[in-house]
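# Structural characterization, general
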Amino acid sequence: MEVLDAVVVGAGQAGLSTSFHLRRRGVEHVVLDGDAAPGGAWQHRWDSLTMRDVHGVAALPDAEAPTGDGPANLVVPASFAAYERDHQLPVERPVTVRRVEDAGDGSGLLVVHTDRGDLRTRTLVSATGTWTRPFVPSYPGRDTFVGPQWHTHDYPGPEAFRGLRTAVVGGGASAVQLLGEVAPVTDTLWFTRRPPVWRTDDFTPEAGRAAVAMVEDRVRRGLPPASVVSVTGLVLREQEHAAADLGAYRRRAMFTALEADAVRLPDGTREPVDAVLWATGFRPAVGHLAPLRLRSERGGITLDGTTAVADPRVQLVGYGPSASTIGATRAGRAAARAVAAWLERRGDLSPTG
Ligand SMILES: Cc1cc2nc3c(=O)[nH]c(=O)nc-3n(C[C@H](O)[C@H](O)[C@H](O)COP(=O)(O)OP(=O)(O)OC[C@H]3O[C@@H](n4cnc5c(N)ncnc54)[C@H](O)[C@@H]3O)c2cc1C
């Protein structure tokens, strides 16, 4: 079986940036992507999310940031498709990586098991994002609630909620944004575990750096990466003002249980609801790395930069502090540098490569 210098898993912002920099350094690699088309998670965002609604999509290396007023699930994928083409990146799709493990023969190689066969590689860059792992917290009665339950992952657009009294759960940016769409068409109740932290001043670069540093510190200590919203705070934009005028952002303490057609509040009161929208976030999609036992006893994968401390053949990009488009672009560069350094140290890549 051919041995590659690197396999990148995922062709979103993080994987494409990594591939660009690996190519520039002369590292022979492939990018395996589970989706049928270019665009990473952006191709799956809901139809009503326009480029005006996103928080900003950073440029990929040696390219302009995607622009346009259209739906983000068309604009960004078109831009990624052109990028892959223009830079002739070695993306193969659809290929799903099921698991990655040590070859177990003393060769120091990794074996990448996919739904299209196995590959052997000296290094691996995991750039799998979070979209494939929507998180729904478990509450008593969740399975007995008779009405529809949606997650941000499969948000059907505001019209599906018309006439349905809806509990929106979650204290992050997605909850704020989805309430902005749903509240003008139906009655909503907003539930969060902690009181939301609102940002009133303009978002400064210092605040951004503080948020990233906080998550960086967590992954350096092997903790699960946390939401950066706790540091950056939430903001209401113009498109959310109508919902705000309707009182949609009056937060309620998290309910304690779901019943067939209601939620049970902490004081025991029963509050009828017809639907639940879980805007409760995502978890890193790292299940394919399980055989490598990268997870620390503190629940996260300990990183030094982008390198997994437990197995330096593995880089994680778009994970923790680099889980933003700007962070993913930068992490791709750092990961390619770390891969090249690893290969050089082992004599598998010439220093000029
Ligand atoms: C609703 C929402 C809105 C957001 N808005 C913004 C924003 O406005 N600005 C911003 O900077 N950030 C935003 N983010 C965060 C941002 O999307 C990400 O940080 C960034 O786009 C993720 O890029 P990525 O390459 O890490 O992952 P993705 O774009 O998710 O790409 C991962 C790729 O890996 C593939 N993959 C996954 N598992 C496997 C596997 N086992 N085998 C093969 N392939 C696999 C997937 O098919 C996918 O193509 C948002 C996130 C969410 C959830």
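Residues numbered from 1 in each chain as written. Predicted model: local features only at pLDDT ≥ 70, side-chain atom pairs only at ≥ 80, totals over all residues. Heavy atoms only, no water.

## Focus: the sheet that holds strand β7 (residues 149–151)
Heads up, the rule is: By this definition, two strands are paired if DSSP reports at least two bridges between them. Secondary structure elements follow DSSP: runs of H or I no shorter than four residues count as helices, runs of E no shorter than two count as strands, and numbering proceeds from the N terminus. Lines fitted to C-alpha atoms define the axes here, with helix axes fitted over just the stretch in contact, and angles between the N-to-C directions of these axes take values from 0 to 180 degrees. Every residue pair with non-hydrogen atoms within 4.5 Å of one another is taken to be in contact.
A sheet is described by the order of its strands in space; here five strands give the open sequence β7-β14-β8-β9-β10, paired in parallel fashion. Two strands in the sheet have a free side with no partner beyond their single neighbour: β7 and β10 (251–253). This sheet shows a mean twist of 30° between the axes of neighbouring strands, independent of strand direction. Note: strand β8 (residues 166–169) against strand β9 (residues 188–192), four bridges, orientation parallel. Along β9, the bridge assignment pairs A167 with L189. Helix-sheet contacts for helix α3 (residues 173–182) involve β8, β9 and β14 (275–278), and the interaxial angle to β9 is about 175°.

## Some details on the domain arrangement of the protein
The condition is simple: Domain start and stop positions are those given by an automatic or database domain assignment. Here's the idea: put two parts together, see how much 1.4 Å probe accessible area each one loses, and the total over both is what we call buried area. Salt bridges are defined by distance alone: a side-chain nitrogen of Lys or Arg within 4 Å of a carboxyl oxygen of Asp or Glu. Definition of a polar contact: a pair of N or O atoms within 3.5 Å, with one able to donate and the other able to accept a hydrogen when the atoms are protein atoms, and with sequence-neighbouring residues admitted only if both atoms are side-chain atoms.
Looking at the protein, the domain boundaries give domain 1 (3–132 + 282–346) and domain 2 (142–198 + 234–278). Taken over C-alpha atoms, the centre of domain 1 sits 33 Å from the centre of domain 2. On the domain 2 side, the residues contacting the nine residues of domain 1 number 11 residues. Counting the surface lost from both domain 1 and domain 2, the interface buries some 950 Å², and carbon and sulfur atoms represent 51% of this. Run the count over domain 1 and domain 2 and you get zero salt bridges. In this structure, the connection of domain 1 to domain 2 is made through five residue pairs in polar contact (both at pLDDT 80 or more).

## Quick notes on the site of the ligand
Which entries qualify depends on this criterion: Each residue is tested against the molecule or strand, and it is near if at least one of its non-hydrogen atoms lies within 4 Å. Accessible areas in this description were obtained via Shrake-Rupley with a 1.4 Å probe; residue shielding takes into account the shown protein chains only. Asp, Glu, Lys and Arg are counted as charged, while Ala, Val, Leu, Ile, Met, Phe, Trp, Tyr, Cys and Pro are counted as nonpolar; the rest, among them Gly, fall into the polar class.
Neighbouring residues of the ligand: 29 residues in total, closest D33, D35, R45, H55 and T325. In this structure, Q13 approaches the ligand through a main-chain N or O atom, which is 3.0 Å from an oxygen atom. The separation between an oxygen atom of the ligand and a polar main-chain atom of A41 is 2.9 Å. Across the complex, the protein chains shield 86% of the 1,000 Å² of accessible surface that the ligand would expose by itself. Classifying every residue of the shell around the ligand gives 13 nonpolar, 13 polar and three charged.

## Here we look at the nonpolar core
What tends to happen in soluble globular proteins is that the nonpolar side chains get buried as a cluster. To be explicit about the condition: By convention a nonpolar core is built from buried Ala, Val, Leu, Ile, Met, Phe, Trp, Tyr and Cys residues, the set being connected through side-chain atoms within 4.5 Å. Between buried and exposed lies partly exposed: a residue is buried under 20% and exposed over 50% of the maximum accessible area for its type, with that area taken using a 1.4 Å probe on protein chains only.
The biggest cluster of nonpolar side chains holds 53 residues, and the ones touching the most others in it are L16, V27, W42, W190 and L277. Those elements that provide at least two residues to this core are β1 (3–9), α1 (13–24), α2 (72–86), α3, β14 and α7 (325–345). Examining the composition of this core, we find that eight residues originate from one element, α7, more than from any other. Residues from two domains meet in this core; each of domain 1 (3–132 + 282–346) and domain 2 (142–198 + 234–278) gives at least three. Apart from residues lying up to four places away in sequence, L277 is in contact with W150, H151, T152, Y155, F161, T166, A167, V168, V169, L178 and V182.

## Remarks on the pairing of β14
Across the two faces of β14 the burial is the same, with A275 and L277 and V276 and W278 all buried. Note: β7 against β14, three bridges, orientation parallel. Within β14, the position partnered with W150 by the bridge is L277. As defined by bridge partners, β8 adjoins β14 across four bridges and the pair is classed as parallel.

## Some remarks on the sheet that holds strand β12 (residues 262–264)
If you walk across this open sheet you meet the three strands as β11-β12-β13, and the pairing is antiparallel. Looking along the sheet, the strands with just one partner apiece sit at the ends: β11 (257–259) and β13 (270–272). Taken over all neighbouring pairs, the strand axes of this sheet differ in orientation by 25° on average, direction set aside. Across three bridges, β12 lies against β13 in antiparallel orientation. Paired with V263 across the two strands is E271, which belongs to β13.

## So, the side chain of R45
Keep this limit in mind: The charged-residue count follows a simple rule in which Lys and Arg add positive charge and Asp and Glu add negative charge, with His and chain termini not counted at all.
Looking at the secondary structure, you find R45 in the loop between β2 (29–32) and α2. No salt bridge is formed by the buried R45; the nearest opposite charge belongs to D35, separated by 9.7 Å. With near-sequence residues (within four places) excluded, R45 lies in contact with N73 and W131.

## Remarks on the packing of α1 against α7
Counted only if it meets this: Note on convention: the crossing is left-handed when the near helix lies turned anticlockwise from the far helix by less than a right angle, right-handed when the turn is clockwise.
Between α1 and α7, the shortest axis-to-axis distance is 7 Å and the interhelical angle comes to 35°. Viewed along their axes, α1 and α7 form a crossing whose handedness is right-handed. Together, Q13, A14, S17, T18, H21 and L22 of α1 and T325, A328, T329, G332, R333, A335, A336 and V339 of α7 make up the contact between the two elements. Here the residues of the contact of α1 with α7 sort into six nonpolar, seven polar and one charged.

## Details of the side chain of H113
One can find H113 in strand β5 (residues 110–114). Residue classification places H113 among the buried residues on the basis of a relative accessible area of 13%. Within the structure, H113 has its side chain in polar contact with the side chain of D118 (distance 3.2 Å). Ignoring anything within four residues of it in the chain, the contact list for H113 reads T96, V97, R98, R99, E101 and D118.

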